[in-house]
Amino acid sequence: MSLKTEIFRKIMHLVSSIIGFSVLILDKNLYMPLLFAITLFVVLFDFLRIKFEFMKKIYYLFFRIFTRVDENKQITGASFLFIGSCIVAFFFEQQIAAAGLLVLSFSDSFAALVGIIFGKTKLFNKTLEGSMAFFITSLIILNLLGFDLFQNLTVSCIATIVELFSSYKYNDNISIPVSVCCSIYITNLI
């Protein structure tokens, strides 16, 4: 894993917070068609990149710096990010969907950067320091969005555990926003 690639990926991940803020601010009739169209484009482009050499060249011209070596022959985190965004934006009310997407953008980015730069204590395939950064960032985001203390603690704990056990198979760009949104929805019922 290249530190430079991971830093650029996490910067782009932070930029993806535009999706979460758009869901929070805009009308669902505006952001859903746009998000769906962008998702289709990104996923289609990803599959075409894998299948056709000339598409791969176009892709790498612009996105090589964001691509992990293990993503060369499979869909990238960007496709998973847009798929996860569509799922939560479609199924959950705006504040809940925005919470899931903002936790994904900010908490996952800070967890990775803290884990890479300061992580010393291995915890499964992550670091304790990165997981703590994820938890604290999640608490801050949920608090700023106006969720109560019980929800903040519960949802942050669940999301941190989900992130801790994420992998390509259980991609965190889908599992984090879905787990955050489901946890908020369930704690709203309590």
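None of the values given here were measured: they were computed from a predicted structure.

Student: How do you make sense of the overall build of the protein chain when you look at a structure like this?
Tutor: Scanning the protein chain for helices and strands turns up nine helices and two strands. Counting from the amino terminus, the protein chain carries its helices and strands in the arrangement α-α-α-α-α-α-β-β-α-α-α. Rg of the C-alpha trace for the protein chain: 16 Å, near the compact-globule value of 16 Å for 190 residues, within the 12% margin. Over its C-alpha atoms, taken along the principal directions, the protein chain stretches across nearly 50 × 45 × 25 Å. Relative to its 190 residues, the protein chain shows a buried fraction of 47%. Once local pairs closer than 6 in sequence are excluded, the contacts in the protein chain between residues at least 24 apart make up 73%.

Student: Sorry if this is basic, but what is going on with the pattern of salt bridges here?
Tutor: It is possible for side chains of opposite charge to pair when their charged atoms get near one another. Evaluated as defined, the whole model comprises four salt bridges. A salt bridge links Lys10 to Asp108; its shortest N-O distance comes to 3.6 Å. Taken together, the residues Lys10 in helix H1 (residues 3-15) and Asp108 in helix H6 (residues 94-118) connect sequence positions 98 residues apart. Residue classification places Asp108 among the buried positions, given a relative accessible area of 2%.

Student: So what exactly am I meant to see when it comes to H6 here?
Tutor: An α-helical segment advances 3.6 residues per turn. Residues three or four places apart therefore align on the same side. Here H6 is 25 residues long and its end C-alpha atoms lie 35 Å apart, about the 36 Å a rise of 1.5 Å per residue gives. The largest bend along H6 measures about 25° and falls at Val103.

Student: How should the environment of Asp108 be read in this particular structure?
Tutor: Here the alpha-carbon distance between Asp108 and Met132, two residues 24 residues apart in the chain, equals 11 Å. Each residue touching Asp108, except ones within four places of it in the same chain, is listed here: Lys10, His13, Val103, Phe134, Glu163, Asp172, Asn173 and Ile176. At a separation of 2.9 Å, a polar atom in the side chain of Asp108 contacts the side chain of His13.

Student: Even after reading the chapter, I still don't get the packing of aromatic side chains, so can you show me in this structure?
Tutor: Within a pair of aromatic rings, the relevant descriptors are the distance that separates the centres and the angle that separates the planes. Going through the model one piece at a time under the given rule, you end up with eleven aromatic pairs. Their ring planes at 90° and their centres at 4.9 Å tell us that Phe90 and Phe91 sit as a pair that is edge-to-face. We classify Phe90 as exposed; its relative accessible area is 52%. Linked through ring pairs, Phe41, Phe45, Tyr59, Tyr60, Phe62 and Phe63 together constitute an aromatic cluster. If you follow Arg49 out to its NZ or CZ, it ends over the ring of Tyr59, 4.8 Å from the centre. When the ring centre of Phe52 is taken as reference, the NZ or CZ atom of Lys51 above it lies at 5.9 Å.

Student: Explanation requested: the environment of Lys73 in the structure shown.
Tutor: Structurally, Lys73 can be placed in the loop between helix H4 (53-63) and helix H5 (77-91). Once the C-alpha coordinates of Lys73 and Arg9 are considered, the two residues, 64 residues apart in sequence, prove to be 18 Å apart.

Student: Just checking my understanding: could you explain H4 for this structure?
Tutor: What H4 keeps buried is the set Met55, Lys56, Tyr59 and Tyr60. Along H4, the residues classed as buried sweep out an arc of 130° about the axis, all on the same side. Away from the buried face of H4 by more than 90 degrees, exposed residues Phe54, Lys57, Leu61 and Phe62 are located. In the core, the buried residues of H4 are packed alongside helix H3 (28-51).

Student: Explain the packing of H3 against H5 to me, please; I cannot follow it from the model alone.
Tutor: Helix-helix packing: each pair is described by the crossing angle between the helix axes and the interaxial distance. Relative orientation of the contacting elements H3 and H5 amounts to 155°, with a least axis distance of 9 Å. The orientation of H3 with respect to H5, classified from their angle, is roughly antiparallel. H5 is crossed by H3, and the crossing has left-handed handedness. Taken together, the residues of H5 that come into contact with H3 (itself represented by Lys28, Tyr31, Met32, Leu35, Phe36, Ile38, Thr39, Val42, Val43 and Asp46) are Ala78, Ser79, Phe82, Ile83, Ser85, Cys86, Ala89 and Phe90.

Parameters and conventions
Residues numbered from 1 in each chain as written. Predicted model: local features only at pLDDT ≥ 70, side-chain atom pairs only at ≥ 80, totals over all residues. Heavy atoms only, no water. Helix = DSSP H or I, 4+ residues; strand = E, 2+ residues; numbered from the N terminus. Rg over C-alpha atoms; globule rule 2.2 N^0.38 Å. Buried < 20%, exposed > 50% of the residue type's maximum accessible area, 1.4 Å probe, protein only. Contact = heavy atoms within 4.5 Å. Salt bridge = Lys/Arg side-chain N within 4 Å of Asp/Glu carboxyl O. Expected span 1.5 Å × (residues − 1). Bend = angle between axes of the 7 residues up to and from the residue. Polar contact = N/O pair within 3.5 Å; in protein donor to acceptor, adjacent residues only side chain to side chain. Phe/Tyr/Trp six-rings, centres within 6.5 Å; stacked < 30°, edge-to-face > 60°. Lys NZ or Arg CZ within 6 Å of the ring centre and 35° of its normal. Arc of directions from axis to C-beta. Axes fitted to C-alpha atoms, helices over the stretch in contact; angles between N-to-C directions. Parallel < 35°, antiparallel > 145°, perpendicular 65-115°, else oblique. Left-handed = near helix turned anticlockwise from the far one by under 90°.

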